[in-house]
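Coordinates in review
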Amino acid sequence: MGDEIKMNFKEYIKRNEYDFIRDNSRLGNHIILLGVSGSYGYGTNREGSDVDFRGITLNLPSDLIGFTEFEQFEDRKTDTVIYSFNKIIKLLINCNPNTIEILGIDEDEYVIKSETGMELLDNKDMFLSKRAATSFGHYADAQLRRLQNAIARDSMTQPEQEEHIIRSVQYALDDYNRRQTLSGQGETNLYIDDAVTEGLDKEIFVDGVMKHFPLRAYNDMMNTMNTVIREYDKIGKRNKKKDDNHLNKHAMHLVRLFMMGTDILENGLIRTRRPDDELKLLRSIRDGKYMVDGRLNDEFYNIVAEFEEKYRKAELRSKLPDNPDMARIEAFVEKINRRVVLGEFL
């Protein structure tokens, strides 16, 4: 397995710095799943890699029928994040990449797995849908464009910069158009043309038809686009010596997102740890094989293009439903939360 370091995580989590898992009133016996995440979960770890844990804890009865509220617990010192049951269900419905991976961890890397956690794992297919195309695609594509911008901005013309921005926001627009088309509410298109804004040669324009579209959904789409543009505009000159290792790691995770998203769309498979052939490539990216003089070379971008194409084809061929099985999800959530309210987990 190359430079991968194996650990006994059930022993590791007995350390004093993890006492909060046992002592916090919202955690302890309320935790239904807890497993290793990050590089150890993906299989890209090496000596010195941090150990990250992600998990799920049941809501308290007071969260469900009282006045208390709880979404997640974070311990930054150990990089541990534990989501409430209700919060993570909402994220899983949209195939959120940072949380769906909790359901695809290798068996020996769960440190807590209760009967309810096992029940959730046994029913994880109910969350899988073509929404993964938007969630994984948006995460990977937007991050990739920002990575390219961080490295190449100084050598790019202003029209080329606009091309980067339009690619970054296209996933958000694709999802927006998909919902509009399904409900007969029109379509919106982005394109680049001669600028009318002072100081620009080219800029992005919007053509659209809108009818009876929910304002909140429109606002979500615009916020996504605004975030991409704002983050792009904040990018300045890099400290090459400081940033190269970070950028290599970032580049590795972008490719990993395409790999995992393709697995879900093509095979209906949530696989957090990547297979050996993919790990070899991911580690080579992380170790700087494709970084030359502070820039990711053409070979890296060819690799990205290849995985991007696989991802697009997987989306087109996917046999997953357009949306998750909401009836099944609702029944499952109601069953678990009913048991919480009745005190059956005490």
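Before any of the text, the structure's been laid out above.
As a starting point, this report considers the structure included with it.

Quick notes on the rules
Residues numbered from 1 in each chain as written. Predicted model: local features only at pLDDT ≥ 70, side-chain atom pairs only at ≥ 80, totals over all residues. Heavy atoms only, no water. Helix = DSSP H or I, 4+ residues; strand = E, 2+ residues; numbered from the N terminus. Buried < 20%, exposed > 50% of the residue type's maximum accessible area, 1.4 Å probe, protein only. Contact = heavy atoms within 4.5 Å. Areas by Shrake-Rupley, 256 points an atom, 1.4 Å probe, with all protein chains shown as cover. Patch = residues over 30% accessible without salt bridge, like charges linked within 9 Å, V, L, I, M, F, W, Y side chains within 5 Å. Salt bridge = Lys/Arg side-chain N within 4 Å of Asp/Glu carboxyl O. Core = buried A, V, L, I, M, F, W, Y, C linked by side-chain atoms within 4.5 Å.

A word on the overall build of the protein. Scanning the protein for helices and strands turns up 14 helices and nine strands. Relative to its full complement of 346 residues, the protein shows a buried share of 48%. The long-range fraction of contacts in the protein, counting pairs at least 24 apart against all pairs at least 6 apart in sequence, stands at 71%. Here the protein displays about 18,200 Å² of accessible surface, and carbon together with sulfur accounts for 48% of that area.

Turning our eyes to something else, we now look at helix H12 (residues 276–286). Of all 11 residues making up H12, eight are buried, and the element is well covered by its neighbours. Listed in full, the buried residues belonging to H12 are Glu 278, Leu 279, Leu 281, Leu 282, Arg 283, Ser 284, Ile 285 and Arg 286. Positive phi appears at Gly 288, one or two residues downstream of H12, with a value of about 90 degrees.

There is a patch of nonpolar side chains on the surface, built from Met 210, Leu 215 and Tyr 218 and spanning about 310 Å² of accessible area. With respect to the secondary-structure elements, Leu 215 resides in helix H10 (residues 215–234).

Core analysis: the biggest nonpolar cluster contains 59 residues, and Phe 85, Ile 100, Leu 103, Phe 127 and Phe 300 have the highest contact counts within it. Looking at which element gives the most residues to this core, the answer is helix H11 (residues 240–267), with 11 residues. Those residues within four positions of Ile 100 in sequence are excluded, and the remaining contacts are Leu 92, Cys 95, Phe 127, Leu 128, Phe 136, Met 260, Ile 264 and Ile 270. Residues Phe 20, Val 36, Val 51 and Phe 73 belong to the second largest nonpolar core, which totals 17 residues.

Moving on to the environment of Ala 251. Following the sequence through the fold, Ala 251 ends up in helix H11. Sequence separation between Ala 251 and Gly 288 is 37 residues, and the spatial gap between their C-alpha atoms is 9.7 Å. Excluding residues that lie within four positions of it along the chain, Ala 251 makes contacts with Leu 147, Ile 285, Leu 296 and Phe 300.

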